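Fold and contact review
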Amino acid sequence: MAEVIAETRTNSSSRRHGGGDDTPSLPYMHKVGAPPKQTLFQEIKHSFNETFFPDKPFGNFKDQSGSRKFVLGLQYIFPILEWGRHYDLKKFRGDFIAGLTIASLCIPQDLAYAKLANLDPWYGLYSSFVAPLVYAFMGTSRDIAIGPVAVVSLLLGTLLSNEISNTKSHDYLRLAFTATFFAGVTQMLLGVCRLGFLIDFLSHAAIVGFMAGAAITIGLQQLKGLLGIKDFTKNSDIVSVMHSVWSNVHHGWNWETILIGLSFLIFLLITKYIAKKNKKLFWVSAISPMICVIVSTFFVYITRADKRGVTIVKHIKSGVNPSSANEIFFHGKYLGAGVRVGVVAGLVALTEAMAIGRTFAAMKDYSIDGNKEMVAMGTMNIVGSLTSCYVTTGSFSRSAVNYMAGCKTAVSNIVMAIVVLLTLLVITPLFKYTPNAVLASIIIAAVVNLVNIEAMVLLWKIDKFDFVACMGAFFGVIFKSVEIGLLIAVAISFAKILLQVTRPRTAVLGKLPGTSVYRNIQQYPKAEQIPGMLIIRVDSAIYFSNSNYIKERILRWLIDEGAQRTESELPEIQHLIVEMSPVTDIDTSGIHAFEELYKTLQKREVQLMLANPGPVVIEKLHASNLAELIGEDKIFLTVADAVATYGPKTAAF
């Protein structure tokens, strides 16, 4: 805030109101103070720190010995070294139960999600072994559960298949590892360079629409497995998918597959409903996918339904993740494609993980370090790309189960990873007869909650532009493709920012009866305008992108209000007060715009006055000599001071 210096106005102010000995004395008025002068280096340093280091991450290192700084550095990179000192058996009990619970959910989901990325099922299991271990050591969220997720898997599969149509080729697999590597590099760079604020440019409304569209796209693509269709379109838009479904209705559907898929889908949806109605029964929904896999696998095995057209998983590799370091494209024609796909997938994965982490952190009343999260996510995907994993992030369904199961720390991810490892070593051969229809039903049940109707209705009620952004992303995904929907989501988010920056709101203010408070006359119809004065508030910083608009909008207000007052036979406007409390900054274009505004008003015999400019603004007004041009006595701390000094005598009290 501006430094406030008490200063009594001279008696001439009283005489402006026609006051003599009988005129009530004006209250003390305060002059708008300017902040202390700063050097250019100080200004740059302050701006840099506020932009990149607002959380003062190195504050703990101050006045510490070299050895202590080394320990603090390790704890900063690996938070587990800090909270692990206070870990006890009670916390482990909660983490152990939570880890077992989310493992029972993640194993069948991993098998299904890998198919969305057009990869063999075991790559989903690989990804739920390495990535959670890395995150447990480096992440700051206690509740997030790491692994493959439906939306990122679909996005990755779509983008990769656009580059290499033969998804069974070895180059496709190599490109998947390459994209995962560069997704991790992107995430790590954002964290190291402290550029996490960039992901906030994707608005909540756009994310809601994108996720809903992706969920429907994912669900429609599962009709191939659910109905037993073999000749299915590779396109993801709803028109192509539905055409493919109905063109196969007479000869491509398999009734045994449909029976298996629908039966277990209904079972999964019922368990989700039970868990939703009774939070204590969350485990019913958590273990239901594993139950579906076990029961369906046993059923297919004893009936040999695979001989009658029911497609099964067949072979799943057993053993620990093999190294894939030499599989990544660091040169050649697919390098550029790997970078492009990796950047997009990395940003989407990061956006989803940050949203999930913040949600559960708020529920447990603790905070997460956004930049550390990005570094952790980036590291786990880089390490994952070297160990046969594809892009992983935080899963909302698993994180919700993790939270409800009573997890205390990220150790639940370690427990889950160990269970997945045991599965890779021992159990994978048992999945041979798992029907694809069950994996399809697991995916459909998992993505149902991504269609958030309540959030869409709320967007419509609160902000119609947000609703348009949501629907744009939604229809872009389902009618075109995932990448087009994502592009629309980003474009609309930027369009909203540009619209708000280039067309800021302005408001005419009036005085609330019986007070010295001035508010928007549209919000407060009883607020009274001051005769001979027009008070306008600018609700934005003034930059080159909006300075001309603000100047022209103020002049339009002046013309419109002047015409209305002339019709009502009220005094002409002689003073224009610009309330600048919301104006946090002004650049040279804004200064020039106010100079032009001042000259235009002078020609119309209207005096320009400013009320409550902030410290940055008042400093620039003095530096540009605009304060001298307008007049130091025309710059006030409050609108009430300006009205008391230059307005009608009756308006001051």
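Scoring rules and cut-offs
Residues numbered from 1 in each chain as written. Predicted model: local features only at pLDDT ≥ 70, side-chain atom pairs only at ≥ 80, totals over all residues. Heavy atoms only, no water. UniProt positions renumbered as here; feature names shortened; annotations may be inferred. Helix = DSSP H or I, 4+ residues; strand = E, 2+ residues; numbered from the N terminus. Salt bridge = Lys/Arg side-chain N within 4 Å of Asp/Glu carboxyl O. Buried < 20%, exposed > 50% of the residue type's maximum accessible area, 1.4 Å probe, protein only. Phe/Tyr/Trp six-rings, centres within 6.5 Å; stacked < 30°, edge-to-face > 60°. Lys NZ or Arg CZ within 6 Å of the ring centre and 35° of its normal.

What follows deals with the UniProt feature "transmembrane region" (unreviewed entry) in the protein. In the UniProt entry, the feature "transmembrane region" (unreviewed entry) is given for residues 144–160, 172–190, 196–220, 257–275, 281–302, 410–431, 437–460 and 467–495. Across residues 281–302, the secondary structure splits into 95% helix and 0% strand, with the terminal C-alpha atoms separated by 31 Å. Secondary structure across residues 437–460 divides into 79% helix and 0% strand, with the first and last C-alpha atoms of the span separated by 37 Å.

Turning next to the pattern of salt bridges. Within the structure shown, the criterion is met by 12 salt bridges. The partner of Glu-256 in a salt bridge is Arg-308, and the shortest N-O contact between them spans 3.8 Å. With Glu-256 in helix H12 (residues 255–277) and Arg-308 in the loop between helix H13 (282–303) and helix H14 (335–364), this pair connects stretches of sequence that are 52 residues apart. Note on Arg-308: relative accessible area 45%, which makes it partly exposed. Across the pair Asp-466 and Lys-496 runs a salt bridge, and its minimum N-O distance is 2.4 Å. Here Asp-466 is found in helix H20 (residues 464–479), whereas its partner Lys-496 is found in helix H21 (residues 482–502), with 30 residues between them in sequence. Accessibility assignment for this pair places Asp-466 and Lys-496 in one class, buried. Through salt bridges that share partners, Asp-463, Asp-466 and Lys-496 make up one connected network.

The subject of this paragraph is the packing of aromatic side chains. Tallied over the entire structure, the rule returns 16 aromatic pairs. With a centroid separation of 5.2 Å and 90 degrees between ring planes, the pair formed by Phe-181 and Phe-182 is classed as edge-to-face. For the pair Phe-181 and Phe-182, a shared accessibility class is recorded, and that class is buried. Centroid distance Phe-181 to Phe-330: 5.3 Å. Interplanar angle 85 degrees. Geometry classified as edge-to-face. Of the two residues, Phe-181 is situated in helix H8 (residues 170–192) and Phe-330 in the loop between H13 and H14; the sequence distance between them amounts to 149 residues. Here Phe-330 falls in the partly exposed class, since its relative accessible area comes to 45%. What links up through ring pairs into an aromatic cluster is the set Trp-122, Tyr-123, Tyr-126 and Phe-177. Above the plane of the ring of Trp-460 lies Lys-464, whose end atom (NZ or CZ) is 4.7 Å from the centre. Across from the ring centre of Trp-557, 4.2 Å away, lies the NZ or CZ of Arg-553, which sits over that ring.

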